[in-house]
Amino acid sequence: LARRDVDVVCVATPSGRHRDIALPALRAGKHVLCEKPLEITTGRVDEVIAAAERAGRILAGVFQQRFGFGAQRLKQAVESGRFGKLALGSAYVKWWRDRDYYGGSGWKGTAALDGGGALMNQGIHAVDLLQWLAGMPTSVVAQTRTRVHAIETEDTAVALLDFAGGALGVIEAGTSCYPGSSLRIELTGERGTAVLENGSIIDWRFADERPEDAEVRAPRAAETGSGAADPKAIGTEGHRRVVADLVDAIREGRAPSVPGREARNAVAIIEAVYRSQRTGGRVRIEQ
């Protein structure tokens, strides 16, 4: 932190230790790029956001799924109103992790350092994509289970979402689902349906066909590997784009594509899911 030739600190420690690195880095005048989640509670996330604002430095989150071709086109379709009135927005992360994944780690699946299980660690990417595309849900009712693994946190979760505009949504996440399926986002409304799977558009149908739709439907080489069964299979291209975006943001004096306050949203949703599990009722999502 004392080195003047270091401009940015990238935080990739266990999740429950992100704050411990980010706070002194920001106080030392460094920009911070923090892996997901920014921290394991919104309270801790808010401490880091406040520190970045006091220091006048950039705090950026790592949600590399946003940078893919398919996710970008889906975002454009939402913003241009192609779905009309959105009816359903759903996220599915039915992944598999074997016993060694948890047994060989001193922090994965623990409440203190992972902050949760299949949702906070794996499913958070899909949760972020869903809220980025469909908007922040206002409330959730959820149930979680520890079905397969001997861990402190959940390996199976289901949540029913209410969105501000009246749409409904579902989150299904697990590390209990052998052999593991692709991360999937589905949006459907009165004027169209689109499905994103591992960053690629696999369904793209709208009432108003446009010339650019052919490009969206055209087969494309996979931009990232799938983490459905093996976390080591996840590609690095998404992370490269995240880092490049932060470098450009610093040089151009602009906000990064995933600023800290935006990266907070997924943690707020997951925190509400866990609160719903504990209380057995519907929980409002605090923003």
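All values reported here derive from a predicted model rather than from experimental measurement.

Draft legend 1. Just the packing of helix α1 (residues 18-27) against helix α2 (residues 42-55), in detail. It is at 9 Å that the axes of α1 and α2 come closest, and there the two elements cross at 10°. Viewed along their axes, α1 and α2 adopt a mutual orientation that is roughly parallel. For the element pair α1 and α2, the recorded crossing hand is left-handed. Residues Arg-19, Ala-22, Leu-23 and Leu-26 of α1 form the contact with α2, whose own contacting residues are Arg-44, Glu-47, Val-48, Ala-51, Ala-52 and Ala-55. For the contact of α1 with α2, the residue count by class is seven nonpolar, no polar and three charged.

Draft legend 2. Local environment of the nonpolar core. Ranked by size, the top nonpolar core spans 72 residues in total, and within it Val-32, Leu-74, Leu-119, Val-140, Ile-171, Ile-185 and Trp-204 carry the most contacts. Not counting residues within four places of it along the chain, the set of residues in contact with Leu-119 comprises Ile-124, Val-127, Glu-154, Ala-157, Ile-171, Ala-173, Ile-270, Val-273 and Tyr-274.

Draft legend 3. Broad picture of the state of the cysteines. All chains considered together, the criterion is met by zero disulfides. The thiol of Cys-34 is unpaired, and the distance to the nearest cysteine sulfur, on Cys-10, comes to 8.1 Å.

Draft legend 4. The packing of aromatic side chains, seen in detail. For the structure on display, the rule yields four aromatic pairs. Here Phe-83 and Phe-206 contribute two aromatic rings whose centre-to-centre distance is 5.0 Å and whose plane-to-plane angle is 70°, an arrangement assigned as edge-to-face. On the criterion of sequence distance, the pair formed by Phe-83 in the loop between α3 (69-79) and β4 (86-94) and Phe-206 in strand β10 (residues 200-206) is long-range, its members being 123 residues apart. Assigned by exposure class, Phe-83 and Phe-206 land together as buried. Ring geometry for Tyr-101 versus Tyr-102: centroids 4.9 Å apart, planes at 85°, classification edge-to-face.

Draft legend 5. Focus on the sheet that holds strand β1 (residues 8-11). Strand order in the open sheet formed by three strands is β1-β2-β3, with parallel pairing between adjacent strands. One side of each edge strand has no neighbouring strand; the edge strands of this open sheet are β1 and β3 (59-61). Direction aside, the axes of adjacent strands within the sheet are offset by 15° on average.

Draft legend 6. Seen up close, the pattern of salt bridges. Taken as a whole and judged by the stated rule, the model has 22 salt bridges. Residue Lys-94 pairs with Glu-172 through a salt bridge whose shortest N-O separation is 3.0 Å. Here Lys-94 is found in strand β4, whereas its partner Glu-172 is found in strand β7 (residues 168-174), with 78 residues between them in sequence. Accessibility expressed as a relative area gives 33% for Lys-94, which makes it partly exposed. For the salt bridge of Arg-184 with Glu-197, the shortest nitrogen-to-oxygen distance reads 2.7 Å. In this pair, Arg-184 sits in strand β8 (residues 184-189) while Glu-197 sits in strand β9 (residues 192-197), placing the two residues 13 residues apart along the sequence. A relative accessible area of 24% means that Arg-184 is categorised as partly exposed.

Draft legend 7. Expanded view of a nonpolar patch on the surface. On the surface, Leu-88, Leu-160 and Leu-168 cluster together into a nonpolar patch covering about 230 Å² of accessible area. When you line up the elements, Leu-88 lands in strand β4. Classification of Leu-88 by relative accessible area gives partly exposed; the value is 42%.

So, how was this worked out
Residues numbered from 1 in each chain as written. Predicted model: local features only at pLDDT ≥ 70, side-chain atom pairs only at ≥ 80, totals over all residues. Heavy atoms only, no water. Axes fitted to C-alpha atoms, helices over the stretch in contact; angles between N-to-C directions. Helix = DSSP H or I, 4+ residues; strand = E, 2+ residues; numbered from the N terminus. Parallel < 35°, antiparallel > 145°, perpendicular 65-115°, else oblique. Left-handed = near helix turned anticlockwise from the far one by under 90°. Contact = heavy atoms within 4.5 Å. Nonpolar A, V, L, I, M, F, W, Y, C, P; charged D, E, K, R; others polar. Core = buried A, V, L, I, M, F, W, Y, C linked by side-chain atoms within 4.5 Å. Buried < 20%, exposed > 50% of the residue type's maximum accessible area, 1.4 Å probe, protein only. Disulfide = S-S within 2.5 Å. Phe/Tyr/Trp six-rings, centres within 6.5 Å; stacked < 30°, edge-to-face > 60°. Pairing = 2+ DSSP bridges. Salt bridge = Lys/Arg side-chain N within 4 Å of Asp/Glu carboxyl O. Patch = residues over 30% accessible without salt bridge, like charges linked within 9 Å, V, L, I, M, F, W, Y side chains within 5 Å. Areas by Shrake-Rupley, 256 points an atom, 1.4 Å probe, with all protein chains shown as cover.

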